[in-house]
Amino acid sequence: MKKNAAVFFAAGFEEVEALTVVDLLRRAGIETVCVSADNTKSVTGSHNITVEMDVMLDRLDFWLYDILVCPGGMPGTKNLEANEWLMRNVRATYENGKFIAAICAAPSIFAHMGLLVGRKACIYPGMEDELYRNGGVACIEDKVMRSGTIITSRGVGTAIPFALEIIAALLGQDKADEIARSIVYTEG
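Along each chain, residue indices are assigned from 1 in the same order as the chain's sequence is written. Residues qualify for local features only when their pLDDT is at least 70, as the model is predicted, and side-chain atom pairs are given and counted only at 80 or more; totals for whole chains, interfaces and linings, by contrast, use all residues. Side-chain descriptors were evaluated using all non-hydrogen atoms of the structure, hydrogens and water having been removed beforehand.

### Some words on the environment of Cys-70
- Tracing the chain through its elements places Cys-70 in strand 6 (residues 67–70).
- Along the chain, Cys-70 and Glu-31 lie 39 residues apart, while their C-alpha atoms are 16 Å from each other.
- Here, two residues are considered to be in contact whenever any of their heavy atoms come within 4.5 Å of each other. Discounting residues that sit within four places of it in the chain, Cys-70 has contacts with Leu-80, Ala-101, Ala-102, Ile-103 and Ala-106. Helix and strand labels come from DSSP, where a helix needs a run of H or I of at least four residues and a strand needs a run of E of at least two; each type is numbered from the N terminus.

### Things to note about the environment of Ala-121
- Tracing the chain through its elements places Ala-121 in strand 8 (residues 120–121).
- Taking C-alpha positions, Ala-121 is 7.7 Å from Pro-107, a pair spaced 14 residues apart along the chain.

### Examining the sheet that holds strand 10 (residues 144–147)
- Each pair of strands is called paired provided DSSP finds at least two bridges between the two strands. Pairing is mixed across the open sheet formed by 7 strands, whose spatial order is 5-2-1-6-7-11-10. Lying at the two open borders of the sheet, with one neighbouring strand each, are strand 5 (55–56) and strand 10.
- As judged from the 4 bridges shared by strand 7 (residues 99–103) and strand 11 (residues 150–153), these two strands associate in the parallel manner. Directly across from Ala-102, in strand 11, lies its bridge partner Thr-152.
- Convention adopted: a line fitted to C-alpha atoms gives each axis, helices being fitted over their contacting stretch, and angles between N-to-C directions are expressed from 0 to 180 degrees. Seen against the sheet, helix 6 (residues 159–171) touches strand 6, strand 7, strand 10 and strand 11 and runs at an angle of roughly 175° to strand 7.

### With respect to the packing of helix 1 (residues 15–27) against helix 6
- Two elements in contact, helix 1 and helix 6, have axes whose closest approach is 9 Å; the angle formed by their N-to-C orientations is 40°. One way to sum up the angle between helix 1 and helix 6 is to call them oblique. Taken as a pair, helix 1 and helix 6 cross one another with a handedness that is right-handed. Residues Val-16, Glu-17, Thr-20, Val-21, Leu-24 and Leu-25 of helix 1 form the contact with helix 6, whose own contacting residues are Ala-159, Ile-160, Phe-162, Ala-163, Ile-166 and Ile-167.
- Per-class residue counts for the contact of helix 1 with helix 6 are 10 nonpolar, 1 polar and 1 charged. Angle categories are assigned with fixed cut-offs, so that under 35 degrees is roughly parallel, over 145 is roughly antiparallel, 65 to 115 is roughly perpendicular, and the rest are oblique. For any pair of crossing helices, the crossing counts as left-handed if the nearer helix is rotated counterclockwise from the farther one by less than a right angle, and right-handed if it is rotated clockwise. Ten residue types, Ala, Val, Leu, Ile, Met, Phe, Trp, Tyr, Cys and Pro, are classed as nonpolar, four, Asp, Glu, Lys and Arg, as charged, and the remainder, Gly among them, as polar.

Put into structure tokens, the structure is as follows:
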């Protein structure tokens, strides 16, 4: 069965985190769209790289997607969280048993929503209090953490393991391992 992913881009997103996920999911055969949370045709990241979007947030049918992905970066994370329409749909997606994922500073969004209560999660180093204050359990040394249908990761250096965990969640570990081999990715 075909799987679909939506990756959300807001002004100030972290380019490596967002584009690594888009690239690897597409390599795995997951239909992946770049969604403008700003409803603009292109979005500029925190390091002044502009990316053309596939779809605007106001035209997205959230129910078509098996996973929603929030990249980090500043002020990208804050801009995503400030979008009430996106946050309502992230919550609804989670409550309907589908996957949600966040990397770097973006796991703080899930913590603020109360979605990490009693779960293990990871976040960008130095932001652990965002998880502690909101009931999550920080896994400071882990590159990526899957807890139920929530996947979190720490930052740019963990973007590949994060994307591979999303692939494993949607298509199985064998497919994630195949993609890892194809990009000559090794743990170490």
